[in-house]
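Structure assessment
Residues per chain are reported as follows:
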Amino acid sequence: MRDYAVLLKRLHELNLPYNIIGEVTNCPIYLYHLESLSSNPIYILITGGVHGDEPAGVEAVLKFLARDNTELLEHFSFNIIPCINPYGYVHDKRENSKNVDINRSFEKEDVLEAVIVKEAVRDKQYTLAIDFHEDYDAKGFYLYEGIRDGGFIGPEITEVVQTIGPIDTDDSGEDTEAIAQGVYKVNSKWGMQGLAPYLLHKHSKHVIITETPTEWKLDQRIALHLGVLDTALTYFK
Ligand SMILES: [Zn+2]
């Protein structure tokens, strides 16, 4: 069991602007806004904790919020949802309190967490949305990438971040084509059930889902998520 109040306390200590976009099982879901210094910013969405048993995503978001992002804010504005599935986070469970996988529910209107996120991004358009995940079976990291048009950057990202840890050599990408080792395409066949495919369809030109192996140390998993994010951002400046 994790304590959501502890997570909220850690977030409050950062003293950054947020609003509450909804509440599930008495837990508020936060959306942070880091506003760019530019008058013409590039909008980025960062999300963690849609699967409650994948804590490195939430920790990566916390680390991102806690660090100095001044240089990035010259170009980018960030919307950040640290923890989409508070119940899962507390109970170390993939699904929400109703045993539903939120990341398969974005086409439905009866899964509260998905509805809250959809409502929060309703009027937004992002250049990149990145969603942090973990994999219990993987030995290395991998990612999924989806893009409306233009080239895939995943192969170059994995090249850079493999200094943090090895790329998964198994064919871990579920039900989709590999673009390079450790880079899988967000498959249009998946529809919009998942958060990233939903965002790609409606709110973001480019999406990345990072997957770290749970067996790595937490710090290494956090570094990988942020390494992918930072490398990806260099392409949009
Ligand atoms: Zn996941």
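This write-up is about the structure you can find in this document. Fair warning: this is a prediction, and the values are worked out from it, not measured in the lab. (Residues numbered from 1 in each chain as written. Predicted model: local features only at pLDDT ≥ 70, side-chain atom pairs only at ≥ 80, totals over all residues.)

Along its length, the protein chain carries seven helices and nine strands. For 237 residues, the compact-globule estimate of 2.2 N^0.38 gives 18 Å, and the protein chain sits close to it at 16 Å. For the protein chain, with 237 residues in total, the buried portion stands at 43%. Look at the contacts in the protein chain between residues 6 or more apart in sequence, and 76% of them connect residues 24 or more apart. (Helix = DSSP H or I, 4+ residues; strand = E, 2+ residues; numbered from the N terminus. Rg over C-alpha atoms; globule rule 2.2 N^0.38 Å. Buried ≥ 20, exposed ≤ 12 C-beta atoms within 10 Å, placed from the backbone. Contact = placed C-beta atoms within 7 Å.)

We now examine the nonpolar core. Core analysis: the largest hydrophobic core is formed by 62 residues, its most contacted members being Ile46 and Ala196. Not counting residues up to four positions away in its chain, the partners in contact with Ala196 are Ala129, Asp131, Tyr144, Gly146, Val186, Val207 and Ile209. (Core = buried A, V, L, I, M, F, W, Y, C linked by C-beta atoms within 7 Å.)

What follows concerns the packing of helix 2 (residues 55-66) against helix 7 (residues 218-233). Here helix 2 crosses helix 7 at 65°, and the two axes come no closer than 9 Å. Comparing their axes, helix 7 and helix 2 come out roughly perpendicular. At the point where helix 2 passes helix 7, the crossing takes the right-handed sense. Contact residues: Ala56, Gly57, Glu59, Ala60, Lys63 and Phe64 in helix 2; Leu218, Arg221, Ile222, His225 and Leu226 in helix 7. Residue classes in the contact of helix 2 with helix 7 are distributed as six nonpolar, two polar and three charged. (Axes fitted to C-alpha atoms, helices over the stretch in contact; angles between N-to-C directions. Parallel < 35°, antiparallel > 145°, perpendicular 65-115°, else oblique. Left-handed = near helix turned anticlockwise from the far one by under 90°. Nonpolar A, V, L, I, M, F, W, Y, C, P; charged D, E, K, R; others polar.)

Sheet architecture is open: nine strands sit in the order 1-2-4-3-5-9-6-8-7, paired in mixed fashion. The outermost strands of the open sheet, each flanked by one partner alone, are strand 1 (18-24) and strand 7 (178-180). Mean inter-strand twist for the sheet, computed between neighbouring axes without regard to direction, equals 20°. Here six bridges tie strand 6 (residues 142-147) to strand 9 (residues 206-213), and the two strands are oriented antiparallel to one another. Residue pairing in the sheet places Tyr144 in a bridge with Ile209 of strand 9. In the packing of helix 2 onto the sheet, contacts are made with strand 2 (27-34), strand 3 (42-47), strand 4 (76-81), strand 5 (128-135) and strand 9, and the angle to strand 5 comes to roughly 135°. (Pairing = 2+ DSSP bridges.)

Moving on, we come to helix 6 (residues 195-202). Counting buried positions along helix 6 yields six of eight residues, so the element is predominantly enclosed. Listed in full, the buried residues belonging to helix 6 are Leu195, Ala196, Pro197, Tyr198, Leu199 and Leu200.

What follows deals with unusual backbone geometry. Phi at Asn26 is positive, roughly 65°, even though this residue is not glycine. For Asn99, which is not a glycine, the phi torsion comes out positive at approximately 65°. The class for Asn99 is exposed, based on 8 C-beta atoms found within 10 Å.

Here we come to the packing of helix 5 (residues 154-161) against helix 7. Here helix 5 crosses helix 7 at 130°, and the two axes come no closer than 9 Å. For the element pair helix 5 / helix 7, the angle class is oblique. Classified by chirality, the crossing of helix 7 by helix 5 is right-handed. From helix 5, Ile157, Val160 and Val161 reach across to helix 7, where they touch Leu224, Gly227, Val228, Thr231 and Ala232. Looking at the contact of helix 5 with helix 7, its residues break down into six nonpolar, two polar and no charged.

Summarising burial for strand 5: seven of the eight residues are buried, a large majority. Sheet analysis places strand 3 next to strand 5, joined by four bridges and oriented parallel. Bridge pairing in strand 5 links Ile46 to Ile130. Relative to strand 9, strand 5 runs parallel, the two sharing seven bridges. By the bridge assignment, His133 is partnered in strand 9 with Glu211.

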